Amino acid sequence: MASERRVDVTENGNATVLVLVGSLRAASVNRQLAELAAESAPAGVQVTIFDRLGEVPFYNEDIDGPTAPEPAQALREAGAHADAVLVVTPEYNGSVPGVLKNAIDWLSRPFGDGAIKGKPLAVVGAAHGRYGGVWAHDETRKSFGLAGARVVEDLELSLPTAELGDRHPRENAEVTARLRDIVGKLLAETD
Ligand SMILES: Cc1cc2nc3c(=O)[nH]c(=O)nc-3n(C[C@H](O)[C@H](O)[C@H](O)COP(=O)(O)O)c2cc1C
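Thresholds applied
- Residues numbered from 1 in each chain as written.
- Predicted model: local features only at pLDDT ≥ 70, side-chain atom pairs only at ≥ 80, totals over all residues.
- Heavy atoms only, no water.
- Near = heavy atom within 4 Å.
- Polar contact = N/O pair within 3.5 Å; in protein donor to acceptor, adjacent residues only side chain to side chain.
- Areas by Shrake-Rupley, 256 points an atom, 1.4 Å probe, with all protein chains shown as cover.
- Axes fitted to C-alpha atoms, helices over the stretch in contact; angles between N-to-C directions.
- Helix = DSSP H or I, 4+ residues; strand = E, 2+ residues; numbered from the N terminus.
- Left-handed = near helix turned anticlockwise from the far one by under 90°.
- Contact = heavy atoms within 4.5 Å.
- Nonpolar A, V, L, I, M, F, W, Y, C, P; charged D, E, K, R; others polar.
- Phe/Tyr/Trp six-rings, centres within 6.5 Å; stacked < 30°, edge-to-face > 60°.
- Buried < 20%, exposed > 50% of the residue type's maximum accessible area, 1.4 Å probe, protein only.
- UniProt positions renumbered as here; feature names shortened; annotations may be inferred.
- Pairing = 2+ DSSP bridges.
- Right-handed = clockwise from strand over helix to strand, strands pointing away.

**A short note on the site of the ligand**
Inspection of the region around the ligand gives 13 residues, with Ser23, Arg25, Ser28, Asn30 and Gly94 positioned closest. In the model, an oxygen atom of the ligand is placed 2.7 Å from a nitrogen or oxygen of the Ser23 side chain. In this structure, His128 approaches the ligand through a main-chain N or O atom, which is 2.8 Å from an oxygen atom. When the ligand sits alone it has 620 Å² of accessible area, and the protein chains cover 69% of it.

**Comments concerning the packing of helix 1 (residues 29-40) against helix 5 (residues 173-188)**
At their nearest, the axes of helix 1 and helix 5 sit 9 Å apart, and the two run at 65° to each other. Pair helix 1 / helix 5 crosses with right-handed handedness. Here Leu33, Leu36, Ala37 and Ser40 of helix 1 come into contact with helix 5, specifically with Val175, Thr176, Leu179, Arg180 and Val183. Classifying every residue of the contact of helix 1 with helix 5 by side-chain character gives six nonpolar, two polar and one charged.

**Things to note about the packing of aromatic side chains**
All chains considered together, the criterion is met by one aromatic pair. Judged by centre distance (4.7 Å) and plane angle (70°), the ring pair of Tyr59 and Trp106 falls under edge-to-face. On the criterion of sequence distance, the pair formed by Tyr59 in the loop between strand 3 (46-49) and helix 2 (70-81) and Trp106 in helix 3 (residues 98-107) is long-range, its members being 47 residues apart. Under the relative-accessibility criterion, Tyr59 is labelled partly exposed at 23%. In this structure Trp106 comes out as buried when scored by relative accessible area, which is 0%.

**Things to note about the UniProt feature "domain: NADPH-dependent FMN reductase-like" (unreviewed entry) in the protein**
Under the UniProt annotation, the feature "domain: NADPH-dependent FMN reductase-like" (unreviewed entry) is placed at residues 16-162. Taken end to end, residues 16-162 comprises 32% helix and 23% strand; its first and last C-alpha atoms sit 31 Å apart.

**Quick look at unusual backbone geometry**
Pro110 follows Arg109 through a cis peptide bond whose omega is 0°. Looking at the element boundaries, Pro110 is found in the loop between helix 3 and strand 5 (120-127).

**Overview of the pairing of strand 2 (residues 16-21)**
Counting buried residues along strand 2, six of its six residues qualify, which places the element largely inside the surrounding structure. Both faces of strand 2 are covered, namely the face carrying Thr16, Leu18 and Leu20 and the face carrying Val17, Val19 and Val21. Bridge count for strand 2 against strand 3 is four bridges, and the pairing is parallel. Bridging across to strand 3, Val19 finds its partner in Ile49. Once the chain exits strand 2 it traverses helix 1 before rejoining the sheet at strand 3, and the crossover so formed is right-handed. Relative to strand 4 (residues 84-88), strand 2 runs parallel, the two being bridged by five bridges. Residue pairing for strand 4: Val21 is matched across the bridge by Val88.

This is how it looks when you write it as structure tokens:
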């Protein structure tokens, strides 16, 4: 099940942001950042964290099509329903975690007409290294751009986890402000 945070509808309309998290870990810092992004969204915006990336099978053209596995179809439906996409990911071995790359591959097909075609998309995240996962974030932008999303390149947050200590990111005022700014600017791209 995708977890949702619904808020009162205001002049922001019913904008919907799909959040994809590149870590399946229960205590994931990136998952916490995704939660903070949901909390930071303006009233009227529905933020949905897609919780089922771990259920999506490895992409295989033999199983794609009208009878694609249900979790992959659910991912595509979530992408099609969204007005914008926020990706929150760590870096694994200098690159994009496999679970996220798999999601990109499913979302990229049918080629040229994937579920997130033309939708504004921002990439942020935290990683242990001193550059906060910037390699993974750059490669995630590249792959999502090839998959058809409209990547908003200047929305950047590559956070070294050491800056958070042992605390939830919401307890860090600077991180909270940066994330709120990114969510706001991403939403502005949907106008
Ligand atoms: C398989 C694996 C590979 C990793 N590779 C990198 C890396 O290349 N760069 C980096 O900064 N951190 C790397 N890390 C450390 C992660 O950045 C760190 O565990 C981070 O907290 C994971 O995000 P999460 O808390 O959202 O799960 C790696 C961790 C794992 C498990």
